[in-house]
Amino acid sequence: QVQLVESGGGLVQPGGSLKLSCAASGTIFTIYAMGWYRQAPGKQDELVASVTSHSTPVYADSVKDRFTISRDNAKNTVYLQMNSLKPEDTAVYYCKADVATHYGLVPVEYWGQGTQVTVSS
C-alpha cells in the first residue's frame, strides 16, 4: 500500500504565502505524475497543478504565475509553493500520485487526506 501525507496548510492573509508538502511512503516502485487538487465549498474539484516524473509542470489558469509545483524524487515528495494568495484560493487541497508498486504493474492513483488552506483577513 501507499500513503500520502500532506502538510503545510493553514490560515493566511490575502497576499500571503504558504508551502504545501506531500510525502509518499509504502510500497513504491515508481511514482509517475504527482499533483495537487482543491475543493472549495459548493464548487467542483479543481486541478491546481501537476508535475511529471521529469518535472514538467501544468498549472490551472487561476494559479499561473502565483503557484509553483516541484518534486523531490529522492524523497518521494511533491511541493506546492503558493504566493499572492487570494480569498478564492480557500479550499481543501489534496495531493495525488500515480504509483506503480511493482515493476510491470499499471500505476494506480493514490490520494492524501487533504489539508485546509484558508485565505482571509
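In case you missed it, the structure is sitting above this.
Here is a short report on the structure shown in this document. (Residues numbered from 1 in each chain as written. Predicted model: local features only at pLDDT ≥ 70, side-chain atom pairs only at ≥ 80, totals over all residues. Heavy atoms only, no water.)

Turning our eyes to something else, we now look at the nonpolar core. Core analysis: the largest hydrophobic core is formed by 30 residues, its most contacted members being W36, L80, M82 and Y93. Those elements giving two or more residues to this core turn out to be β1 (2–7), β3 (18–26), β4 (30–39), β5 (46–51), β7 (67–72), β8 (77–82), β9 (91–100) and β11 (115–119). (Core = buried A, V, L, I, M, F, W, Y, C linked by side-chain atoms within 4.5 Å. Buried < 20%, exposed > 50% of the residue type's maximum accessible area, 1.4 Å probe, protein only. Helix = DSSP H or I, 4+ residues; strand = E, 2+ residues; numbered from the N terminus.)

So, about the environment of D45. The topology assignment puts D45 in the loop between β4 and β5. As a C-alpha pair, D45 and V92 span 47 residues in sequence and 9.6 Å in three-dimensional space. The contact partners of D45, leaving out residues within four places of it in the chain, are R38 and Q39. A polar contact is formed between the side chain of D45 and the side chain of Q39, at a distance of 3.1 Å. (Contact = heavy atoms within 4.5 Å. Polar contact = N/O pair within 3.5 Å; in protein donor to acceptor, adjacent residues only side chain to side chain.)

A complete count under the given rule lists 1 disulfide for this structure. A sulfur-sulfur distance of 2.1 Å marks the disulfide that ties C22 to C95. On the sign convention where negative is left-handed, the bridge of C22 and C95, at about -80° about the S-S bond, is left-handed. Within this pair, whereas C22 is found in strand β3, its partner C95 is found in strand β9, the two being separated by 73 residues in sequence. (Disulfide = S-S within 2.5 Å.)

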